[in-house]
Amino acid sequence: MDVIRSAVRMKEVAQDWRRRGLPVALVPTMGALHDGHLALVRTAGQHASTVVASLFVNPIQFGPREDLARYPRDLDGDLRKLRSAGATHVFAPEASEMYPEGFQTRVVLERLPEHLCGRSRPGHFAGVATVVLKLFHLCGPTVAVFGMKDYQQVLVVERMVRDLDLDVRIVRHPTVREPDGLAMSSRNAYLTPKERRVAPELYATLRALRDLVVAGERDVSRLVTAGRDRLGKAGFAVEYLEVVDPDTLDPATSLDAPCVAAVAARLGSTRLIDNLQLVPSDAEECTR
Ligand code: AMP
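### Digging into helix α10 (residues 220-234)
Logical step 1: In a regular helix each residue adds 1.5 Å, so 15 residues correspond to 21 Å; α10 covers 21 Å between its end C-alpha atoms and thus fits that length.
Logical step 2: Taken together, the buried positions of α10 are occupied by Val220, Leu223, Val224, Gly227 and Leu231. Projected down its long axis, α10 carries its buried residues within an arc of 95°, all on one side. Away from its buried face by more than 90 degrees, α10 exposes Arg222 and Lys233.
Logical step 3: On its buried side, α10 packs onto α9 (201-214), β7 (237-244), β8 (259-267) and β9 (270-279).
Logical step 4: At the exit of α10 stands Gly235, carrying a positive phi of roughly 110°.

### Quick word on the pattern of salt bridges
Logical step 1: Within this structure, the stated rule accounts for 15 salt bridges.
Logical step 2: Here Arg20 and Asp16 are joined by a salt bridge, their closest N and O atoms 2.8 Å apart.
Logical step 3: A relative accessible area of 28% places Asp16 in the partly exposed class.
Logical step 4: In this structure, Asp274 and Arg177 form a salt bridge, with 2.9 Å as the shortest nitrogen-oxygen distance. Of the two residues, Asp274 is situated in strand β9 and Arg177 in the loop between β6 (169-173) and α8 (193-198); the sequence distance between them amounts to 97 residues.

### Some points on the nonpolar core
Logical step 1: Of all hydrophobic cores here, the largest spans 49 residues; its most connected members are Phe91, Met98, Val132, Phe136, Phe146 and Met160.
Logical step 2: Residue contributions to this core reach at least three from each of two domains, namely domain 1 (2-173) and domain 2 (186-278).
Logical step 3: The residues touching Met98, leaving out its near neighbours within four places in the chain, are Phe56, Phe91, Pro93, Phe103, Val131, Lys134, Leu135 and Leu138.

### Topic: the sheet that holds strand β3 (residues 50-55)
Logical step 1: An order of β1-β4-β3-β2-β5-β6 is seen for the six strands of this open sheet, with the pairing classed as parallel. Looking at which strands have only one partner, the edges of the open sheet turn out to be β1 (2-4) and β6. The average undirected angle you get between the axes of adjacent strands in this sheet is 25°.
Logical step 2: By the bridge criterion, five bridges tie strand β5 (residues 143-147) to β6 in an arrangement that is parallel. Residue pairing in the sheet places Val143 in a bridge with Arg169 of β6.
Logical step 3: Across the sheet, helix α6 (residues 124-139) touches β2 (24-29), β3, β4 (89-91), β5 and β6, and the angle it forms with β2 is around 145°.

### Topic: α6
Logical step 1: The end-to-end C-alpha separation of α6 is 22 Å, in line with the 22 Å expected for 16 residues at 1.5 Å each.
Logical step 2: Looking one or two residues beyond α6, the residue adopting positive phi is Gly140, at roughly 55°.

### Overview of the domain arrangement of the protein
Logical step 1: By the assigned domains, the protein splits into domain 1 (2-173) and domain 2 (186-278).
Logical step 2: Placing the centre of domain 1 and that of domain 2 at their C-alpha centroids yields a distance of 26 Å.
Logical step 3: Across the boundary between the two partners, domain 1 contributes 22 residues, which contact 19 residues of domain 2.
Logical step 4: Surface buried jointly by domain 1 and domain 2 totals about 1,800 Å² across both partners, of which 50% is contributed by carbon and sulfur atoms.
Logical step 5: The largest share of the area that domain 1 buries against domain 2 comes from Arg70, Leu116 and Tyr151, three residues that together contribute 33% of it.
Logical step 6: Applying the counting criterion to the domain 1 and domain 2 interface returns two salt bridges.
Logical step 7: A salt bridge links Glu242 to Arg119; the shortest N-O distance between them is 2.5 Å.
Logical step 8: For the interface between domain 1 and domain 2, the tally reads 12 residue pairs in polar contact (both at pLDDT 80 or more).
Logical step 9: If you list the elements that add at least two residues to the side of domain 1 that touches domain 2, you get α5 (116-120) and α7 (151-163).
Logical step 10: Considering every element that reaches the side of domain 1 that touches domain 2, the biggest residue donor is α5, with four residues.

### Structural notes on the site of the ligand
Logical step 1: Around the ligand, the surrounding shell holds 16 residues, and the nearest of these are Met30, His37, Asp150, Val176 and Met184.
Logical step 2: Within the contact set of the ligand, an oxygen atom lies 2.9 Å away from a backbone nitrogen or oxygen of Met30.
Logical step 3: Note that an oxygen atom of the ligand is positioned 2.6 Å from one of the side-chain N or O atoms of Asp150.
Logical step 4: For the ligand, whose accessible area on its own is 480 Å², the fraction buried by protein is 94%.
Logical step 5: Mapped onto the shell around the ligand, the elements with two or more residues apiece are β2, α2 (35-47) and β5.
Logical step 6: The class makeup of the residues in the shell around the ligand is eight nonpolar, six polar and two charged.

About the thresholds
- Residues numbered from 1 in each chain as written.
- Predicted model: local features only at pLDDT ≥ 70, side-chain atom pairs only at ≥ 80, totals over all residues.
- Heavy atoms only, no water.
- Helix = DSSP H or I, 4+ residues; strand = E, 2+ residues; numbered from the N terminus.
- Expected span 1.5 Å × (residues − 1).
- Buried < 20%, exposed > 50% of the residue type's maximum accessible area, 1.4 Å probe, protein only.
- Arc of directions from axis to C-beta.
- Contact = heavy atoms within 4.5 Å.
- Salt bridge = Lys/Arg side-chain N within 4 Å of Asp/Glu carboxyl O.
- Core = buried A, V, L, I, M, F, W, Y, C linked by side-chain atoms within 4.5 Å.
- Domains from an automatic or database assignment.
- Pairing = 2+ DSSP bridges.
- Axes fitted to C-alpha atoms, helices over the stretch in contact; angles between N-to-C directions.
- Buried area = accessible area lost by both parts, 1.4 Å probe.
- Polar contact = N/O pair within 3.5 Å; in protein donor to acceptor, adjacent residues only side chain to side chain.
- Near = heavy atom within 4 Å.
- Areas by Shrake-Rupley, 256 points an atom, 1.4 Å probe, with all protein chains shown as cover.
- Nonpolar A, V, L, I, M, F, W, Y, C, P; charged D, E, K, R; others polar.

Structure representation (structure tokens):
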């Protein structure tokens, strides 16, 4: 496994792959890897024999009062895990490689960031889109794999790829969960043992909402109120719990059309997100 720290070097290597017409799969990550990340890497390996994982805690997607400084970092552990998951290359640049003195460009989407996480994290998705576009240019993937846990992020990346005519196919990977249902996340490491015991309620609540829909509930606001009440009683401070259109993220007005329940909530100082298709677009997506 080749570890590349320099942006210039990464670009040279990627240009060589392009010249040789090699399929390349990219998995962008911020490190502190868990089995969810590694599932993405293994899936990437089914799409290309060259698999690049990037490890980069992207400063421009963090707000001034967010957890950039304390975000978990474990380069040695991450490299070991990536090797065993089949990554052939790791791109792990310093922030100064990605954002040298004078950097001032952002990729800004107009509508998707007005919803869900974008409302409480101004500038977050511009930071995400900018770093992902740079990673695409530097690593030259033909395929890139993103996790559905970060549902809004997947939509932002897919929209950017279409809007900017990028030559990369986005693969959506289902959310990987702990046995008790909690979505795996690097931020789960922040949870105290007591919070960790409560955390699975987030997904349990989403599943309960889906059960209500299956049982015939047709009122979006009654559904959302039920979910908020349940999370509040469990000890979460709910930032948002919404039922949204799966493509635009506009609030759903009906539970008869495809829709997704999306939630962000805090347990103590830890912000957790999750989502679940309530009314799937097709039968296969029921398991997401
Ligand atoms: P992060 O390191 O948290 O920025 O995540 C890097 C990639 O891994 C993103 O595409 C995430 O959506 C994905 N990811 C993180 N956690 C999970 C999970 N539990 N299941 C599936 N994908 C995940």
